2 protein chains.
Amino acid sequence: MPQGRPTTVPDDGLTTAQRRSLPLLMVHTGDGKGKSTAAFGVALRAWNQGWDVGVFQFVKSAKWRIGEQTVLERLGELHEQTGEGGPVTWHKMGAGWSWSRKEGSTEDHAADAAEGWAEVKRAIAEERHDLYVLDEFTYPMEWGWVDVDDVVSTLRDRPGRQYVVVTGRRAHPALVEAADLVTEMTKVKHQMDRGQKGQRGIEW
Amino acid sequence: MPQGRPTTVPDDGLTTAQRRSLPLLMVHTGDGKGKSTAAFGVALRAWNQGWDVGVFQFVKSAKWRIGEQTVLERLGELHEQTGEGGPVTWHKMGAGWSWSRKEGSTEDHAADAAEGWAEVKRAIAEERHDLYVLDEFTYPMEWGWVDVDDVVSTLRDRPGRQYVVVTGRRAHPALVEAADLVTEMTKVKHQMDRGQKGQRGIEW
């Protein structure tokens with residue numbers, strides 16, 4: 001997409017340069033494909049700028065995201081080996097969050113999600129990453145596993161220069177309201193409609 | 001997204017396994033962000049599966065896509081060095097397509113686009129890649145720089161097992177009709193609306 005021109009200049013007392021460097025809260029929502037995929041595309045670009053990327057995967061599956069995880073972790077290794085790009089940390093619910101002692105077997109998804117969010121909060125307070133990918137985080141919000149007001153105020157009032165992308169269907173209106181950039185991915189047509197199932201390499 | 005279940009089983013004489021392995025023609029369109037970003041996310045996963053990825057970038061800019069190009073070309077190098085993932089070829093209009101003798105200075109965008117498409121056709125006929133990213137290709141189609149019927153029949157009737165992703169706004173109805181998976185990215189909210197300009201690392 002061409003670099004756009006703002007249609008209005010806000011009365012916020014900031015210069016264009018200051019405004020340009022405001023960190024963004026982004027939301028990818030809707031029922032279509034590409035919400036997470038585009039978030040990992042953003043992570044690619046961030047890595048290339050040398051940003052510290054933290055992924056928090058709020059889904060439980062050995063299979064989903066394995067392609068993205070492998071590649072982003074490989075890029076994180078490259079950074080360690082050669083200094084290219086930035087560091088990458090990938091935290092996954094279900095396999096046990098990396099800071100958590102317990103492993104895998106828990107079936108208390110609500111507690112897992114709350115624990116994941118508590119770690120995101122700590123990371124944000126410490127300004128640990130430049131980009132946070134909160135993958136499929138709209139669901140714990142929807143299901144009441146995390147407190148929506150707490151999430152929205154924490155993300156909106158985060159310190160420093162930290163970018164956040166939240167993905168998932170049915171983003172909460174309060175999150176949409178707080179976000180700077182909200183994109184809805186809408187399914188126009190899907191091969192599942194004609195009976196074709198998900199495909200390795202494309203769906204995961 | 002969870003692996004979905006088809007809502008209907010088509011009467012096409014194929015088994016589920018055969019149907020699952022049908023190569024897809026995908027379109028990312030709409031006025032929102034994430035069309036190309038999600039396509040490069042698909043390319044990430046394809047690389048991780050060891051697929052041969054060919055990117056054809058139908059835009060002219062030194063700046064756009066530079067993050068994705070750097071990372072995907074780096075992954076292509078990794079493949080050459082270590083055998084990880086798959087090969088990546090990145091062709092760019094404007095800098096002169098890689099198979100073209102002329103360099104940069106041409107201003108005949110229509111001829112450049114037609115030349116790019118001719119090369120895509122050759123590649124598809126030779127089954128050169130497993131995944132084609134035809135980035136911003138809806139515009140040459142819209143502007144009459146390439147023949148829509150030729151594009152649609154070539155993509156629809158491509159031989160073998162070749163996946164294609166086409167990105168850009170206002171995808172031609174005939175392309176949408178031919179596609180297996182069409183996602184529309186819709187802008188719900190954008191920081192440019194409040195006067196914030198594009199940002200390095202996020203927009204490019």
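Residues numbered from 1 in each chain as written. Chains lettered and ligands numbered in written order. Predicted model: local features only at pLDDT ≥ 70, side-chain atom pairs only at ≥ 80, totals over all residues. Heavy atoms only, no water.

Here the focus is the packing of aromatic side chains. Each aromatic ring pair is described using two quantities: the centre-to-centre distance and the angle formed by the ring planes. Scanning the entire structure with this criterion turns up 20 aromatic pairs over all chains. Members of the aromatic cluster, connected to one another through ring pairs, are A:Phe56, A:Phe58, A:Trp97, A:Trp99, A:Trp117, A:Tyr132 and A:Phe137. (Phe/Tyr/Trp six-rings, centres within 6.5 Å; stacked < 30°, edge-to-face > 60°.)

Looking now at the pairing of strand E4 (residues 131–135) of chain B. Residue and element names in this part refer to chain B. With five of five residues buried, E4 is to be regarded as a mostly interior element. In terms of strand pairing, strand E2 (residues 53–57) meets E4 through five bridges, oriented parallel. In the strand pairing of E4, Gly54 is matched with Tyr132. The sheet contact formed by E4 and strand E5 (residues 163–167) spans four bridges and is parallel. Looking across to E5, one finds that Leu131 is bridged to Tyr163. (Buried < 20%, exposed > 50% of the residue type's maximum accessible area, 1.4 Å probe, protein only. Helix = DSSP H or I, 4+ residues; strand = E, 2+ residues; numbered from the N terminus. Pairing = 2+ DSSP bridges.)

Pairing of strand E6 (residues 181–189) of chain A with strand E6 (residues 181–189) of chain B, which is carried by seven bridges, proceeds in the antiparallel orientation. Within the sheet, the bridge partner assigned to A:Glu184 lies in E6(B) and is B:Thr186. For strand E1 (residues 25–29) of chain B and E6(B), the ladder comprises four bridges, and the chain directions are parallel. Residue pairing across strands places B:Met26 opposite B:Leu181, the latter belonging to E6(B).

Attention now goes to the pattern of salt bridges. One pass over the structure, following the stated rule, counts 20 salt bridges over all chains. Between A:Arg45 and B:Glu68 there is a salt bridge, and its shortest N-O distance comes to 3.4 Å. You can see A:Arg45 sitting in helix H2 (residues 35–48) and its partner B:Glu68 sitting in helix H3 (residues 66–82), one on each of two chains. Residues A:Arg45 and B:Glu68 agree in their burial class; the two are buried. Measuring nitrogen to oxygen at the nearest pair gives 3.2 Å for the salt bridge that ties A:Arg156 to A:Asp157. The exposure class of A:Arg156 is partly exposed, given its relative accessible area of 47%. Its relative accessible area of 53% is what places A:Asp157 among the exposed residues. Sharing partners across several salt bridges, the network here consists of A:Glu119, A:Arg122, A:Glu126 and A:Arg128. (Salt bridge = Lys/Arg side-chain N within 4 Å of Asp/Glu carboxyl O.)

All names here are of chain B. Taking 1.5 Å of rise per residue, 17 residues should cover 24 Å, and helix H4 (residues 109–125) covers 24 Å from first to last C-alpha, within 8% of that figure. The inward-facing, buried residues of H4 contact E2, E4, helix H5 (138–142) and helix H6 (148–156). Looking one or two residues past H4, Glu127 carries a phi angle of roughly 50 degrees, positive in sign. (Expected span 1.5 Å × (residues − 1). Contact = heavy atoms within 4.5 Å.)

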